[in-house]
Amino acid sequence: MLPTFHPMRVALLGLVLLLARAAAGQTSTGAPFHVGYVDTLLFNERLHYAAFGYDGPAPLFVHVWFPLTTEPQTSPLSYAQLRERTLQGPLRRVYHELLLRMDSAFIEYDLRYPLGGDKPIDYAPFTEAQVKDSLFALPTGSHRPNVAQTLDFPVIVYHHGSQGQSDENVRMAEHFAANGFVFVSCNFHWPLEDKPYGTPLLWEPDKSSIRTILRFASQLANGNKVFYIGHSWGAQEGWCTLHEPGLVDAFVSLETTMEWKTDTAEVRDKWPHMLEAITTQSYPMPILLVADTDGEPPYPLFAGVRGDLGYLDPKQPFGHESYTSACLLRVAGDGRFPVPDATELRQQNTVYLALFGEMLDFLRVRSGMPAYLPQQREDDPFHRFHVSSPTSPTKR
């Protein structure tokens, strides 16, 4: 059964585990499972948050995508509906303020400018807010279940980047859920009065929030493996935390932005905690590093990291925000409003989907399942490098 949580500290909102196992099969999309979705609420008891009438442990507004073991009986949720929650008291205001800031970040990073451009897109006669709303009204592949079911799958925790959003990678979540993984994400930012979105509650790695969500993931895993995927700052936070034994069984680092750096003084000034971690700690789990460095791996500052490291570097240009489906969502409006970089967005989407296959195989193997992709491909979209120890590199 579902682990017991303090009733004042977590609301599972219908997420129930029973003792049964999913039957193998195929959906109409060709994936093994349809995708279920629920939301829940956790609290980080080690991190204090006070704003907008709330004063207490920092709330984590959690999303959970998971494999449905039966045909869905409800319509697919829209992107906007993924954000709908039933909250009481001051938390309603906190969540409302968080959504306002998430919306502003989506507009700034994923809507306002074409890829690689600095001149705003002219959406006339529509406003940016109208374009955002039209995209968020689109259906996802996620369904809220109306009956309880078993969860007996490996679990992935996803950590967003700086000024990112907890739902910035819906398509990634659905891909993993459709292929037999539970995918968990939450906010690692909190709205603060008179401070920019992304301002941390403490100016140090937020290890306690990561541990909180990983404990939850471990309980959902029901004895299965637990994995961590982080993008940008979320990957940096992983490097700062996951050297602690027993937290996760594998780690996917999606472009920390340090991969192409060579100036240690600059890195020490901007990312001192991560530099200290990768130069002093050992990592007990396999790690997949992904970054577009306009070159080939290994990455200079990671060369001495003690651990089992696999590198992927896209052969085609791949933007920093393109690791998120939020960045690529805009192309869905092509033909309804101006998308001047539609061709470029579709090219980015090709690499994004190829990355899905790589991450899925990496985590399937670590879960004791066979890989899908061939080991050698003439049309391989990535440069590859593997280091099983600091002194034994091999390239393929």
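Residues numbered from 1 in each chain as written. Predicted model: local features only at pLDDT ≥ 70, side-chain atom pairs only at ≥ 80, totals over all residues. Heavy atoms only, no water.

Once that is clear, we can look at the overall build of the chain. Secondary structure assignment for the chain yields nine helices and eleven strands. Taken over C-alpha atoms, the radius of gyration comes to 20 Å for the chain, in line with the 21 Å a tight globule of 396 residues would show. Over its C-alpha atoms, taken along the principal directions, the chain stretches across nearly 55 × 55 × 45 Å. In the chain, 74% of the contacts between residues at least 6 apart in sequence involve partners at least 24 apart. (Helix = DSSP H or I, 4+ residues; strand = E, 2+ residues; numbered from the N terminus. Rg over C-alpha atoms; globule rule 2.2 N^0.38 Å. Contact = heavy atoms within 4.5 Å.)

Bringing the pattern of salt bridges into the picture now. Tallied over the entire structure, the rule returns 17 salt bridges. Notably, a salt bridge pairs Asp133 with Lys132, separated by 2.6 Å at the nearest N-O pair. Assessed through its relative accessible area of 44%, Asp133 is described here as partly exposed. Between Glu358 and Arg384 there is a salt bridge whose closest N-O contact spans 2.5 Å. Of this pair, Glu358 sits in helix H9 (residues 342–366) while Arg384 sits in strand E10 (residues 382–387), and the two are 26 residues apart along the sequence. (Salt bridge = Lys/Arg side-chain N within 4 Å of Asp/Glu carboxyl O. Buried < 20%, exposed > 50% of the residue type's maximum accessible area, 1.4 Å probe, protein only.)

A few words now on the packing of helix H5 (residues 233–241) against helix H7 (residues 272–280). H7 packs onto H5 with a crossing angle of 45 degrees between their chain directions and a minimal axis gap of 8 Å. The orientation of H5 relative to H7 falls into the category oblique. The hand of the H5/H7 crossing is left-handed. Taken together, the residues of H7 that come into contact with H5 (itself represented by Gln236, Trp239 and Cys240) are His273, Met274, Ala277 and Ile278. (Axes fitted to C-alpha atoms, helices over the stretch in contact; angles between N-to-C directions. Parallel < 35°, antiparallel > 145°, perpendicular 65-115°, else oblique. Left-handed = near helix turned anticlockwise from the far one by under 90°.)

Let us look at the confidence of the model for the chain. With 90% of its residues at a pLDDT of 70 or more, the chain has an overall mean of 90. Counting contacts from residues 391–396, a segment whose pLDDT is below 50, to residues more than four positions away or on other chains yields twelve contacts. (pLDDT = per-residue confidence, 0-100.)

Bringing the pairing of strand E2 (residues 54–68) into the picture now. When you tally the buried positions in E2, you get 14 out of 15 residues, the bulk of the element. The antiparallel pairing of strand E1 (residues 34–51) with E2 creates a hairpin that spans two residues between the two strands, and Phe52 there sits at a positive phi of about 55 degrees. (Pairing = 2+ DSSP bridges.)

With 72 residues, the main nonpolar core has Val184, Trp239 and Phe302 as its most contacted residues. Take this core: its biggest share by element is eight residues, from E2. The residues touching Val184, leaving out its near neighbours within four places in the chain, are Val62, His63, Val64, Val155, Ile156, Val157, Tyr158, Ile213, Phe216 and Leu220. (Core = buried A, V, L, I, M, F, W, Y, C linked by side-chain atoms within 4.5 Å.)

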